[in-house]
Amino acid sequence: MLFRPRLGLILGICAICVCPLATAASATAATITPNILTDELDNTNTGTDLGCSLREALSIANTDSTAVEPACAVDSAPGDDTISLGTGTYVLSVAGSNDDANATGDLDVIASGGDLTIDGTGAGTTSIDTTDSPAWADRVLNQVSAASGTPLVVRELTITGGNTGNFGGGILAHAGSLTLESARVTGNAAFGNGGGIDSRTGADSLSILDSQIDSNSSTLGDGGGGVQTANLTTIDSSSIIGNHATYNQALGGGITAVDVADITVTDSLIANNVAQSTGSAAPRGGGINMKSGSATIRNSTISGNEVLGGASRTGGAVRVAGASTVTIVNSTVSDNKAELSGGTAGGIRLEAGTVNLVHATIAPNPSGRSV
Ligand SMILES: [Ca+2]
Ligand SMILES: [Ca+2]
Ligand SMILES: [Ca+2]
Ligand SMILES: [Ca+2]
């Protein structure tokens, strides 16, 4: 179900831009290539030095120094860098949590290292996973204290196996911009908000392009089983499917928007996400929970999302609250559910704010009203 990149468009843009970029480039940059799939960081890991791990490659990118691990292949002076991953599963095993220095637990992308791309061979062939024994107790990737505008690009790989007691089960972005290109974030859990990805207040932007966010879970008040965002967010040619938000009052099975979130969804699918309350409070927003901010959804489908549990339940597809504005254009909202005796608004639940429907198909959504 993964969408493919539009290579024609990309090649066209590159053909126009390649000369100006080449002459303007001044910062150094390197491609750093790990040569083992296992996890280690020399000087902090007591094991034998087996070669260049992903974690060691990232520490080189962070510090712009090859001193941390001379075994890493680095093709020029580090600056704005690319870590090039091969086919296979890179398994994180240097255990720890609450570390933001890339020493243990999650992989930490640090401000002073400049721009970074982590590039695989494809979402179906390259993955970053975590060890099962002992059970991993951290997310996978953490963008920490990045300077404003500093981009992190995750391309052509899968992020899976994150499990944190905090926010952002797969990826947590505190600052800078985060872009996923032809990537997949699947099977991550946060006992906080943002099961797959959390783009927090302070980060610049989140872009999910030709990518899939699926089968992630959140367990906290604002939810966002797949994604929580507080920022400028672009979701294009992507799928947000089968994610799960659980809490006393569950919100946003697929996506939760908070703070000044400004979301644009184009040519995408938001499907089969669930917000499930464990208490009596009504679950809301099986697909999308708009706590605040705005969302524009074009040429997309919101279907098969559901709210479960609670004494009542509402907004199977979308819950609109606060001062949110939601605009749905040339899109379909169908087969979302808020069923059983307390169910209302299987489709869109407008509590406060504005909903604009332009050439939108809203029905059928089982249970009471569609809006
Ligand atoms: Ca090593
Ligand atoms: Ca760097
Ligand atoms: Ca961290
Ligand atoms: Ca860490």
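Residues numbered from 1 in each chain as written. Chains lettered and ligands numbered in written order. Predicted model: local features only at pLDDT ≥ 70, side-chain atom pairs only at ≥ 80, totals over all residues.

1. Digging into the overall build of the chain
Logical step 1: Within the chain one finds two helices and 39 strands.
Logical step 2: Across the 371 residues of the chain, 56% fall into the buried class.
Logical step 3: For the chain, restricting intrachain contacts to residue pairs at least 6 apart in sequence, the fraction spanning at least 24 positions comes to 78%. (Helix = DSSP H or I, 4+ residues; strand = E, 2+ residues; numbered from the N terminus. Buried ≥ 20, exposed ≤ 12 C-beta atoms within 10 Å, placed from the backbone. Contact = placed C-beta atoms within 7 Å.)

2. A few points about the sheet that holds strand E1 (residues 31-33)
Logical step 1: A sheet is described by the order of its strands in space; here 12 strands give the open sequence E2-E1-E3-E6-E9-E13-E17-E21-E25-E29-E34-E38, paired in mixed fashion. Bordering the open sheet on either side are strand E2 (73-74) and strand E38 (354-358), each of which pairs with just one other strand.
Logical step 2: Pairing of strand E29 (residues 294-298) with strand E34 (residues 325-329), which is carried by five bridges, proceeds in the parallel orientation. Pairing of Ala-295 across the sheet is with Val-326, part of E34.
Logical step 3: On the sheet, helix H2 (residues 54-63) packs against E1, E2, strand E3 (81-84) and strand E6 (116-119) and is oriented at approximately 175 degrees with respect to E3. (Pairing = 2+ DSSP bridges. Axes fitted to C-alpha atoms, helices over the stretch in contact; angles between N-to-C directions.)

3. Section: the pairing of strand E8 (residues 141-144)
Logical step 1: The pairing of strand E5 (residues 107-110) with E8 spans four bridges and is parallel. Bridge pairing in E8 links Ile-110 to Val-144.
Logical step 2: Bridge count for E8 against strand E12 (residues 171-173) is three bridges, and the pairing is parallel. Within the sheet, the bridge partner assigned to Gln-143 lies in E12 and is Ala-173.

4. Focus on the pairing of E3
Consecutive side chains of a regular strand alternate in pointing toward one face of the sheet and then the other.
Logical step 1: Where E1 lies against E3, two bridges are found, and the strand directions are parallel. Across the sheet, residue Ile-32 finds its bridge partner in E3, namely Ile-83.
Logical step 2: Pairing between E3 and E6: four bridges, direction parallel. In the sheet register, Thr-82 faces E6, and the bridge partner there is Thr-117.

5. Details of unusual backbone geometry
Peptide bonds are mostly trans, and most non-glycine residues show a negative phi.
Logical step 1: Cis geometry is found at the peptide bond from Ser-133 to Pro-134, where omega equals -5 degrees.
Logical step 2: Positionally, Pro-134 belongs in the loop between strand E7 (126-130) and E8.
Logical step 3: For Asn-98, which is not a glycine, the phi torsion comes out positive at approximately 65 degrees.
Logical step 4: Secondary-structure assignment places Asn-98 in the loop between strand E4 (88-92) and E5.

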